[in-house]
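# Survey of secondary and tertiary structure
Chain by chain, the residues:
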Amino acid sequence: MTWAGKILRINLTTGSIKTEPLNMQWARDYVGSRGLGSKYLISEIDPKVDPLSPENKLIWATGPLTGTMASTGGRYTVITKGPLTGAIACSNSGGYFGAELKMAGWDMVICEGKSPKPVYLYINDGSVELRDATGLWGKSVWETEAELKKTLQDPLTRVSSIGKAGENHVLYASVVNDLHRAAGRSGVGAVMGSKNLKAIAVRGTLGVGNVRDPKAFMRVTAEKKKILADNAVTGQGLPTYGTQVLMNVINEIGGLPTRNHRDVQFEGAKDISAEAMAAPRATDGKKHLVTNQACFGCTIACGRISKMDETHFTVQNKPQYWGASGGLEYEAAWALGAANGVNDLEALQYANLLCNEEGIDPISFGATVGAVMELYEMGVLTQEQLGIDAKFGSAKALAFFAEQTVNGRGFGVEIGQGSKRLTAKYGHPELSMSVKGQEFPAYDGRAIQGIGLAYATSNRGACHLRGYTIASEVLGIPVKTDPLEHEGKPELVKAFQDATAAFDSSGLCIFTTFAWGLADLAPQMQAACDEAYTTEELEKIGERIWNMEREFNNAAGFTSKDDSLPKRLLTEAAKTGPAKGKVSMLPVMLPLYYKARGWDSEGRPTSETKKRLGL
Amino acid sequence: MQKILHINPDKCTGCLQCEMACSFENYGIFATAKSRIKVFDFHETGKKVPYTCTQCDEAWCLHACPVEAITKDKVTGAMVVNESTCVGCKVCTIACPFGTINYVQETGKVQKCDLCGGDPACASACPTGAITFVDANWTGLDKMKQWADKLGNQPSAS
């Protein structure tokens, strides 16, 4: 077991709260979190539903290992149909909220309909209430969490909430918990806002107790923690430098998208790198990085906690940003920095704090600003329209756009619609660096061929976390492949995508896969849940989940045409670095990927494939 | 040799493995709410601090207990609550200056750290060495060593 066996169904339109037993057959077949939550969503909504309508549903899902002593066992996933993409949206977060929800005795919370007025959901073990949130509407994530703890007179309450961005339907609004951990991508926060649901506050005291074989579980999880501790990436690189360890590495291999992917190397990379965060500042002699931090149950502890320079132009006389808070991770540092040509570390952190404070995805926001800056330099957008001189490299413009976007002011409203809609509106859709409407993360598909294919085929739009082939193509995990080579990548992408889907569904963090494979997950799942979870079974479950998500997207209206990359990556060669002269070989890789997946030429799973996977 | 829990907050990442290990040892479940060690997150400074009973020799809880439910374990040195004697009056929770003995409403008794009978689960579970179980007479050993190392590494005056 270790599933709580119970789900909460909240109808926000009527205010009804129901408890249902978990569908145990589905739990066995789709595990939990991403897989199981998606199974529920897909079984219950029309794939063509308007994502911001009451007919869409929004699910918080934990996994069977969430809330246990397995390392990194604190994850939860927010699942819905995404407003940025129109595809399935599935965003995973750490912090402490997920484990608290599980310890309160719930595998999942399903929210339906739309509340007539702002509400929050209060879960105190088995006691569940919808409460008025009129007074919280318009408040930030940070204010909401503080006020709820005060109102509930319980400092141990954990909160998952939206800020103003979610309320204003910024299409890449996030759901934030524990101040700076986020279900960040695809606009899950906008769906929460559309339902007039401000927050879920949870206190769980029941715990997780139904481990199948407690002795074996304690033994095997301890063994696997040792593997994480002894591994160079999870034991040293990530705790010391965080994901930011990648900034200089990816720049050196010419895969750091710069100035809206015009370039693949950024001359300012070193100024915004992990090394820069750990060096004393010229202004006050203090280090930007204060410490690393773990999420619930995590023995890696990659999180960054940073403190800003109080004299920096962005935070002068704003003491609310002077305390220690969630610092720059690689994706945010890239999107807010290299993607816009900005090398001012403090300005990046200010924008990052605003993303956490009001709940937006720094990747989609930063990449959209990159497109705006390019349109500005082309003369398509003017200073008068934007309210600022927005040349590439302007830290002032970045900070200004962050303020405008999270507060829904001026041109920030348009930036809040994402790069696809914004560039199309101004006649240059080719300048949106996105797939299925979701912006690219921090790796260039020309210099790292496999990740280009992973972006094009990701079920939630461009994403590095759906098949992180960087592990193999750059870091050599589990085996080194040549990033410039496209041969063999379709199979590599498929293998990463399937394994990731299984890890994401367990309740553990995908970062464990720098040191673990499915063969390390399997014995933990077996000891905790069921002996049936062999390595092979988990691989099959991952593939089943991938195909299920794909079928939903196909039914929602996506076709093989949407498995594409922007023209820039397919026709404009990389200008510098090891990939100089290269474009993405996606057109060669895609048919081979479909074949490896057992899909027809239109990207639809064949009936044999579906039968094999039990779909 | 008597041993004692030694806490180094600088090494704590806030993963709460200690809290889960504590609840698992005592109740067989993973429940941070039932833990006898608590990690405090001072997010304004980024500091995480694990905190639990330090096993006072002249224990306020022991002296305050009207039914003598708290006794000293001669082997481990831990102040241990005898659940069958405890009447749940909570006077010990008032007497303890540190807040590390607390009432458990589910059992109607109080609970505190008892050093797991001499092999504390929290220390075993801590992945960073923020919580260790060391010689009670030498909790300062690591700090002394750090300063000694500084002296040892001074270039020779001659």
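Report on the accompanying structure.

## What to know about unusual backbone geometry
Residues and elements named next belong to chain A. Residue P478 is bonded to the preceding I477 through a cis peptide linkage, with omega at -5 degrees. Locating P478 in the fold gives a position in the loop between α19 (470–473) and α20 (489–506). Positive phi values are uncommon outside glycine, yet D178 reaches one of about 50 degrees. With respect to the helices and strands, D178 occurs in the loop between β10 (175–177) and β11 (181–183). Positive phi, normally seen in glycine, also occurs at N317, with a value near 60 degrees.

## Side note on helix α5 (residues 141–152) of chain B
Compared with the 16 Å implied by 1.5 Å per residue over 12 residues, the 16 Å span of α5 of chain B between its first and last C-alpha is a close match. With zero of its 12 residues buried, α5 of chain B lies for the most part at the surface.

## Describing the interface of chain A and chain B
The interface of chain A with chain B comprises 38 residues on the first partner and 23 residues on the second. Here chain A and chain B share an interface that buries about 2,100 Å² over both sides, 62% of which is from carbon and sulfur atoms. When the buried surface of chain A facing chain B is broken down by residue, M69, Y96 and T205 of chain A rank first, second and third, together holding 22% of it. Along the contact surface separating chain A from chain B lie zero salt bridges. In this assembly, chain A and chain B are joined by 10 residue pairs in polar contact (both at pLDDT 80 or more). The residue makeup of the side of chain A that touches chain B, split by class, is 20 nonpolar, 13 polar and five charged.

## Digging into the pattern of salt bridges
All names here are of chain A. For the structure on display, the rule yields 52 salt bridges over all chains. Close ionic contact of K610 with E551 constitutes a salt bridge, the shortest N to O distance being 3.5 Å. With K610 in helix α25 (residues 607–613) and E551 in helix α22 (residues 535–556), the pair connects residues that are 59 residues apart, well separated along the chain. Among the ionic contacts, a cluster of salt bridges with common partners joins R9, E20, E44, K57 and E112.

## So, the environment of G82 of chain A
All names here are of chain A. Mapped onto the secondary structure, G82 falls in the loop between β4 (76–81) and β5 (88–93). For G82, a relative accessible area of 0% translates into the label buried. For the pair G82 and Y172, spaced 90 residues apart in sequence, the C-alpha separation works out to 8.9 Å. Non-local contacts of G82, meaning those with residues more than four positions away in its chain, are made with P51, A87, A89 and S186.

## Section: the state of the cysteines
Residue and element names in this part refer to chain B. Under the criterion given, the structure shown has zero disulfides over all chains. Unpaired in this structure, C53 has its nearest cysteine sulfur neighbour in C56, at a distance of 6.0 Å. Taking the relative accessible area as the measure of exposure, C53 reaches 8% and is therefore buried. Its sulfur unpaired, C116 is 6.3 Å from the next cysteine sulfur, which belongs to C22.

## Focus on the packing of aromatic side chains
As enumerated under the stated definition, the model contains 17 aromatic pairs over all chains in all. Consider the rings of F411 of chain A and Y426 of chain A, whose centres lie 6.3 Å apart with planes at 40 degrees: the pair is tilted. With F411 of chain A in the loop between α15 (395–407) and α16 (412–415) and Y426 of chain A in the loop between α17 (418–425) and β16 (434–435), this residue pair connects regions lying 15 residues apart in the sequence. A ring pair is formed by Y593 of chain A and Y594 of chain A, whose centres lie 6.3 Å apart and whose planes are at 55 degrees; its orientation type is tilted. Accessibility classification places Y593 of chain A together with Y594 of chain A in one group, the buried group. Each residue in the set Y330, Y443, Y468, F511 and F514 of chain A is aromatic and connected to the rest through ring pairs, giving one cluster. The ring of Y103 of chain B carries the charged tip of K90 of chain B above its face, separated from the ring centre by 4.3 Å.

## Digging into the pairing of strand β1 (residues 6–11) of chain A
Consecutive residues of a regular strand have side chains that alternate between opposite faces of the sheet. Residues and elements named next belong to chain A. When you tally the buried positions in β1, you get five out of six residues, the bulk of the element. From the end of β1 to the start of strand β2 (residues 16–21), which pair antiparallel, there are four residues, and G15 there has a positive phi angle of about 85 degrees. Summarising the sheet, β1 and strand β6 (residues 108–112) pair through five bridges and their orientation is parallel. The residue of β6 that forms the bridge with I7 is M108.

## Structural notes on the sheet that holds β6 of chain A
Residues and elements named next belong to chain A. Spatial ordering of the open sheet is given by β2-β1-β6-β3-β4-β5, a layout of six strands whose pairing is mixed. What marks the edges here is a single partner per strand, and that holds for β2 and β5. Here the average twist between neighbouring strands, direction ignored, is 15 degrees. Sheet topology places β4 next to β5; six bridges connect them, and they run antiparallel. Looking at β5, one finds that I79 is bridged to C90. Contacts between helix α2 (residues 33–44) and the sheet are confined to β1, β2, β3 (58–62), β4, β5 and β6, with β4 contributing the most and set at about 25 degrees to the helix.

## Regarding a nonpolar patch on the surface
Among the surface-exposed residues, F40, F42, Y51, W60 and F98 of chain B lie close enough to one another that they form a single nonpolar patch of about 520 Å² accessible area. Of note, F98 of chain B is situated in the loop between α3 (91–95) and β6 (102–104).

## Quick word on helix α7 (residues 214–230) of chain A
Quick reminder: α-helices carry 3.6 residues per turn. Residues three or four places apart thus point the same way. Across its 17 residues, α7 of chain A extends 24 Å between first and last C-alpha, which sits within 8% of the 24 Å expected from 1.5 Å per residue. Listed in full, the buried residues belonging to α7 of chain A are A216, F217, V220, T221, K224, K225 and L228 of chain A. Considered in projection along α7 of chain A, the buried side chains sweep an arc of 160 degrees and stay on one side of the axis. Opposite the buried face of α7 of chain A, by more than 90 degrees, sit the exposed residues K215, R219, K226 and D230 of chain A. Those residues of α7 of chain A that are buried lie in contact with α8 (232–241) and α21 (518–528) of chain A together with α1 (17–27) of chain B.

## Some thoughts on the sheet that holds strand β14 (residues 303–306) of chain A
Residues and elements named next belong to chain A. Within the open sheet, the three strands sit side by side as β13-β14-β15. Their pairing is antiparallel. Edge positions in the sheet fall to β13 (289–293) and β15 (325–326), since each has one partner strand and no second. By the bridge criterion, four bridges tie β13 to β14 in an arrangement that is antiparallel. Looking across to β14, one finds that Q293 is bridged to G303.

## Digging into the nonpolar core
Residue and element names in this part refer to chain A. Counting 181 residues, the largest nonpolar core has W334, F365, F401 and Y443 as the members making the most contacts within it. At eight residues, the largest contribution of residues to this core is made by helix α12 (residues 345–358). Setting aside residues no more than four positions away along its own chain, W334 makes contact with M247, L256, P257, H261, A339, I363, F440, P441 and A442. Grouped together as the second largest cluster of nonpolar side chains are 27 residues, L58, V109, M192 and V202 included.

What counts and how
Position numbers for residues start from 1 in each chain and track the written sequence from start to end. Whichever chain is written first is A, and whichever ligand is written first is 1; the rest continue in order. The predicted origin of the model limits local features to residues at a pLDDT of at least 70 and limits the giving and counting of side-chain atom pairs to 80 or more, whereas totals for whole chains, interfaces and linings rest on all residues. As a convention, hydrogens and water are excluded, and side-chain values are obtained from all of the structure's heavy atoms. A run of DSSP states H or I qualifies as a helix once it reaches four residues; a run of E qualifies as a strand once it reaches two. Both are numbered from the N-terminal end. Helix span, expected: 1.5 Å multiplied by one less than the number of residues in the helix. For every residue, the accessible area (1.4 Å probe, protein chains only) is compared with the maximum for its type, and the residue is labelled buried under 20%, exposed over 50%, or partly exposed between those bounds. Note on contacts: a residue pair is in contact if any heavy atoms of the two residues lie within 4.5 Å. Computed with a 1.4 Å rolling probe, the buried area is the accessible surface lost when two parts are put together, summed over both parts. Here, a salt bridge means any side-chain nitrogen of Lys or Arg that lies within 4 Å of a carboxyl oxygen of Asp or Glu. Any pair of nitrogen or oxygen atoms within 3.5 Å is treated as a polar contact; in protein, a donor-acceptor pairing is required on top of that, and neighbouring residues in sequence qualify only through side-chain atoms on both sides. Amino acid classes used here: Ala, Val, Leu, Ile, Met, Phe, Trp, Tyr, Cys and Pro are nonpolar; Asp, Glu, Lys and Arg are charged; the rest, including Gly, are polar. Cysteine sulfur atoms are paired as a disulfide whenever they fall within 2.5 Å. Two rings from Phe, Tyr or Trp (for Trp, the six-membered ring) form a pair when their centres are within 6.5 Å of each other. A pair whose planes differ by under 30 degrees is stacked, one over 60 is edge-to-face, and the rest are tilted. For a Lys NZ or an Arg CZ to count as sitting over a ring, it must be within 6 Å of the ring centre and within 35 degrees of the ring normal. Strand pairing is defined by DSSP finding a minimum of two bridges between the two strands. The convention used is that axes are lines fitted to C-alpha atoms, helices contributing only their stretch in contact, and that angles between N-to-C directions extend from 0 to 180 degrees. A patch consists of residues whose relative accessible area exceeds 30% and which take part in no salt bridge; residues with like charges are grouped when within 9 Å of each other, and nonpolar side chains (Val, Leu, Ile, Met, Phe, Trp, Tyr) when within 5 Å. Shrake-Rupley sampling with a 1.4 Å probe provides the accessible areas, and residues are treated as covered by the protein chains on show and by no other component. The arc in question is traced by the directions running from the helix axis to the C-beta atoms. Within this scheme, the nonpolar core is defined by two criteria: the residues are buried Ala, Val, Leu, Ile, Met, Phe, Trp, Tyr or Cys, and they are joined through side-chain atoms within 4.5 Å.

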